2 protein chains.
Amino acid sequence: MDLHILDHRLRVISISKNGLVNFTHPLIKLIFLRNRTRCKFFSLTETPENYTVVLDEEGFKELQPSEHLKVESSIWLPLNVASNGNASSSSQAVGVTKIAKSVIAPLAQQHVSVFMLSTYQTDFILVKEKDLSVVISTLEEEFNIYKEVGGESVPMHCQDVPNGLQKNGKEALHPVVIPKNQFCVMSLDPDTLPSIATTLIDVLFYSNSPKEDAANQGLDCIKFFSFSLIDGYISLVMDTEAQRQFPADLLFTSSSGELWRMVRIGGQPLGFDECGIVAQISQPLADSDISAYYISTFSFDHALVSPASHRPRRGHSERNRHAPAPEERSSSQLISDVPSELDDPRLSLQLQWPMVARQQEERLTLCLD
Amino acid sequence: MDLHILDHRLRVISISKNGLVNFTHPLIKLIFLRNRTRCKFFSLTETPENYTVVLDEEGFKELQPSEHLKVESSIWLPLNVASNGNASSSSQAVGVTKIAKSVIAPLAQQHVSVFMLSTYQTDFILVKEKDLSVVISTLEEEFNIYKEVGGESVPMHCQDVPNGLQKNGKEALHPVVIPKNQFCVMSLDPDTLPSIATTLIDVLFYSNSPKEDAANQGLDCIKFFSFSLIDGYISLVMDTEAQRQFPADLLFTSSSGELWRMVRIGGQPLGFDECGIVAQISQPLADSDISAYYISTFSFDHALVSPASHRPRRGHSERNRHAPAPEERSSSQLISDVPSELDDPRLSLQLQWPMVARQQEERLTLCLD
């Protein structure tokens, strides 16, 4: 398989809940006005604590320093596993599950800290630039590694990068929480982004009133909304409550129209030095071949787990950022057509969820609600 | 005829060019998210000097005090002449021209300062709350005057308001400038506002780069863009350059699809106490029955004059805020269909414009470019 080191140098920042107002102008520019910015990698995720923004250096320039902004000090590089048809695994599961044994586990063993960003299209594994030599030496046995430079893919080997071996923090056990709300992972034709602009602006910038938050918390639900626009591809992760605000005919999801349950990892903010957190979650999921998305934020990590196992996303085809299949995408089922077997999601949750939960329990302190 | 004192208490403010970034959050809310605000009267106009915002007290609450915000100290009340079919004038011209002799001139004679806000739908005459008794005593001979209170129209007479006779500043002569760009006055079904959201956001909040401004000034054009959302009706005034950025099938203008030339009044900022400025402009236009819009801003006044005289807006029907005619509106011609007689606007300008200019010259120092 091929592993690509993408041509983006990323920053990971957080914006405080109260401070978002001050960043409305640059964020709306980065989300909606592609002609006015050279930013190619942008992700904004709201969690109960704050807003996490992952963006390249062009985008980072747009944000003025402020007391409301925290910037993680590292430069992060996004890695991406490109399936070239020679996948060794016979697994039908996708997402972080697919790369759990080939990428996540080896990096954890070498004490490399990763920041995961799953999207509708693919899964980005962000590693610190200073860890790159360790990453390459760890993964070059399993992968052909390429560095993308100005649109070209240049083969990389361990000796190509200065040795930066540096021990990251040791792995620890973290409590998890499983909120009650269910999530969908969706995409959108970038040309139709203007059609949902006011709704998206409303949800991102104006839905943070104490009243609405209280309503959420009362139901043991979590506030979680993620938007990303990466190399022209849009991905949205939201719960079914937020989804109802969007027109059903524009957002599309996988052909099976799945809903996902969230496992939120961490009691205290996880920081950026600890390794093995993603591995703790993805390993047992991979053992059972259960698909999962994984989204790291500034404070905590979030796995989105398919309540019905063995159900691959987007039919049986793998998402592939490097070879998008527009005809397949356009024929994908609309989110409004949730398949009948999921009409009563409690049913499949009862059937499948305990299995996932049991596996987590073996290695984690499980805080089931 | 009936004159209505509308149920809005308005503030007139300016936001500095550099300060707009800090007000993006509340302004986008006021423009696009009607469900999140109780503001019913909102107008935002960009001029080369600043942004002028006219809004009611509910909207005013949304704007945090700032060094970039200047607030005119008065409360302003919007007056509106409702045509009830008994119009005494046989004039076909509309806009400020229609009310020049019945409203504008008498108020100027009584030294009442007015702030004009023409929209696609109607013309609002804003007067200071403290001048209300003078306004009523001045106009009650010509009009049946009603005050709108909670949706009811209550007849008003001079003795109903405390006497606030107070001399405003004396009228003076002001230089005018006639920029080269041409303007259109348009409307939009409020339900389709989301469809132009990203374009409108781009034009209002991101088109203020020094480069774009320089390009404008090099052509002796003026930066002028006005958006208003008043009691659910949208009005847009923009030049033909800005208009090209909007989809042609959503914005509509009058059936004659007119383009307008601007007369910008004032060399120094006009302030808010002087009276007679609107009268100076509207009187000669009324004498020649030439339609005109009139938009006051924080620093200067702007008349939009039809280069072809005697051409009423919206066919021969009068715009009437109190009795909108949706069927007429929906059948109105799209802005993309500019009538052939205006295909070479220079032609009609040559024919008609000097007449307007000559009339201005009699009373004003005319700064033709």
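Everything numeric here is computed off the predicted structure, so don't read it as measured data.

Asker: Whenever I open this one, the UniProt feature "domain: CASTOR1 N-terminal" (unreviewed entry) in chain A confuses me. Can you help?
Answerer: Taken from the UniProt record, the annotation "domain: CASTOR1 N-terminal" (unreviewed entry) applies to residues 9-69 of chain A. When the span residues 9-69 of chain A is considered, its composition is 21% helix and 34% strand, and the gap between its end C-alpha atoms is 19 Å.

Asker: How do you make sense of the packing of aromatic side chains when you look at a structure like this?
Answerer: Ring pairs (aromatic) are described by centroid distance and by the angle formed between their planes. All names here are of chain A. Enumeration according to the criterion identifies 20 aromatic pairs over all chains in this entry. Aromatic side chains Phe41 and Phe124 sit 5.3 Å apart centroid to centroid with 70° between the ring planes, which places their arrangement in the edge-to-face category. Residue Phe41 is found in strand β3 (residues 41-46), and its partner Phe124 is found in strand β8 (residues 123-128); the two are separated by 83 residues along the sequence. One exposure class covers both Phe41 and Phe124, and it is buried. With a centroid separation of 6.5 Å and 55° between ring planes, the pair formed by Phe42 and Phe227 is classed as tilted. Taken together, the residues span a long stretch of sequence, with Phe42 in strand β3 and Phe227 in strand β13 (residues 225-230) at a distance of 185 residues. Take Phe42 and Phe227: they sit in the same class, and that class is buried. Counting every residue linked through ring pairs, the aromatic cluster contains Trp76, Phe115, Phe272 and Phe298.

Asker: Even after reading the chapter, I still don't get helix α3 (residues 100-109) of chain B, so can you show me in this structure?
Answerer: Owing to its 3.6 residues per turn, the α-helix brings residues three or four apart onto one side. Residue and element names in this part refer to chain B. Across the 10 residues of α3, eight count as buried, placing the element largely inside the fold. For α3, the full list of buried residues reads Ala100, Ser102, Val103, Ile104, Ala105, Pro106, Leu107 and Ala108. Just downstream of α3 lies His111, where phi reads positive at about 60°.

Asker: Help me understand the packing of helix α3 (residues 100-109) of chain A against helix α4 (residues 132-139) of chain A in this model?
Answerer: The packing of two helices is summarised by the inter-axis angle and the distance between the axes. Residues and elements named next belong to chain A. Two elements in contact, α3 and α4, have axes whose closest approach is 10 Å; the angle formed by their N-to-C orientations is 125°. Of the possible angle classes, the one that applies to α3 and α4 is oblique. As α3 runs across α4, the sense of the crossing is right-handed. Listed contacts from α4 to Ser102, Val103, Pro106 and Leu107 of α3 are Val135, Thr138 and Leu139. A per-class count over the contact of α3 with α4 returns five nonpolar, two polar and no charged.

Asker: Help me out: how do you make sense of the confidence of the model for chain A in this one?
Answerer: As a note on interpretation, predicted positions should not be read in detail where pLDDT is low. Residue and element names in this part refer to chain A. For chain A, mean pLDDT is 81; residues scoring 70 or higher make up 74% of the total. Predicted confidence for residues 310-369 stays below pLDDT 50, and this span has 143 contacts to residues more than four positions away or in other chains. Among the scores for the predicted complex, ipTM is 0.79 and pTM is 0.81.

Asker: Hey, could you run me through unusual backbone geometry in this one?
Answerer: Only a minority of non-glycine residues have a phi that is not negative, and only a minority of peptide bonds are not trans. Not every positive phi belongs to a glycine, and Asp289 of chain A is a case in point at roughly 55°. Relative accessible area serves as the criterion here: at 18%, Asp289 of chain A is assigned to the buried category.

Asker: Before we go on, may I ask you to explain the pattern of salt bridges in this structure?
Answerer: Where charged atoms from two side chains of opposite charge approach closely, those side chains can pair. All names here are of chain A. Tallying each qualifying case throughout the model produces 26 salt bridges over all chains. Arg9 serves as the salt-bridge partner of Glu57, at 2.8 Å between the closest nitrogen and oxygen. Of this pair, Glu57 sits in helix α2 (residues 57-60) while Arg9 sits in the loop between β1 (2-5) and β2 (10-16), and the two are 48 residues apart along the sequence. In this structure Glu57 comes out as partly exposed when scored by relative accessible area, which is 34%.

Asker: Teacher, can you tell me more about the interface of chain A and chain B here?
Answerer: Frequently, the measure chosen for interface size is the accessible area removed from exposure when the parts meet. Each partner contributes to the interface: chain A provides 18 residues, whereas chain B provides 18 residues. Linking chain A with chain B are 11 residue pairs in polar contact (both at pLDDT 80 or more). Those elements giving two or more residues to the side of chain A that touches chain B turn out to be α1 (24-32) and α5 (197-205) of chain A. When residues of the side of chain A that touches chain B are assigned to their parent elements, the largest contribution, six residues, is made by α1 of chain A. Looking at the side of chain A that touches chain B residue by residue, the class counts come to 10 nonpolar, four polar and four charged.

Asker: Looking at this structure, how should I read the nonpolar core?
Answerer: Within soluble globular proteins, side chains that are nonpolar tend to cluster in buried spots. Leu200 of chain A together with Leu200 of chain B are the most contacted members of the largest nonpolar core, which has 80 residues in total. Beyond its immediate chain neighbours, meaning those up to four positions away, Leu200 of chain B contacts Ile31, Phe32, Leu193, Phe225, Phe227, Leu236 and Phe246 of chain B.

Asker: Help me understand the relation of the copies chain A and chain B, please; the structure alone is not making it clear to me.
Answerer: Related by rotation about an axis and a shift along that axis, the two copies of the chain form a pair. You can overlay chain A on chain B at an RMSD of 0.0 Å; the transform is a turn of 180° with a shift of 0.0 Å along its axis. Accordingly, the operation relating the two chain copies is best matched by a two-fold axis. When C-alpha positions in chain A are compared against the rotation axis, the closest is assigned to Ser195 of chain A, at 2.8 Å. Both copies present the same face, since 100% of the interface residues in chain A are matched by interface residues at the equivalent positions in chain B.

Asker: Help me understand the packing of α3 of chain B against helix α8 (residues 277-287) of chain B in this model?
Answerer: All names here are of chain B. Running from N to C, α3 and α8 cross one another at 150°; their axes reach a closest spacing of 10 Å. One element, α3, and the other, α8, form an angle in the roughly antiparallel class. Crossing handedness for the pair α3 and α8: left-handed. Across from Ala100, Lys101, Ile104, Ala105 and Ala108 in α3, the residues of α8 making contact are Val278, Ala279, Ser282, Gln283, Ala286 and Asp287. Here the residues of the contact of α3 with α8 are counted per class, giving seven nonpolar, two polar and two charged.

Asker: What is the right way to read the environment of Leu250 of chain A from this model?
Answerer: Residue and element names in this part refer to chain A. Examined against the element boundaries, Leu250 turns out to sit in the loop between α7 (240-243) and β15 (260-265). Owing to a relative accessible area of 21%, Leu250 belongs among the partly exposed residues under this scheme. Leu250 sits 64 residues away from Met186 along the chain, and the two C-alpha atoms are 9.9 Å apart.

Reading guide: rules and limits
Residues numbered from 1 in each chain as written. Chains lettered and ligands numbered in written order. Predicted model: local features only at pLDDT ≥ 70, side-chain atom pairs only at ≥ 80, totals over all residues. Heavy atoms only, no water. UniProt positions renumbered as here; feature names shortened; annotations may be inferred. Helix = DSSP H or I, 4+ residues; strand = E, 2+ residues; numbered from the N terminus. Phe/Tyr/Trp six-rings, centres within 6.5 Å; stacked < 30°, edge-to-face > 60°. Buried < 20%, exposed > 50% of the residue type's maximum accessible area, 1.4 Å probe, protein only. Axes fitted to C-alpha atoms, helices over the stretch in contact; angles between N-to-C directions. Parallel < 35°, antiparallel > 145°, perpendicular 65-115°, else oblique. Left-handed = near helix turned anticlockwise from the far one by under 90°. Contact = heavy atoms within 4.5 Å. Nonpolar A, V, L, I, M, F, W, Y, C, P; charged D, E, K, R; others polar. pLDDT = per-residue confidence, 0-100. Salt bridge = Lys/Arg side-chain N within 4 Å of Asp/Glu carboxyl O. Polar contact = N/O pair within 3.5 Å; in protein donor to acceptor, adjacent residues only side chain to side chain. Core = buried A, V, L, I, M, F, W, Y, C linked by side-chain atoms within 4.5 Å. Least-squares fit on C-alpha atoms with pLDDT ≥ 70 in both.

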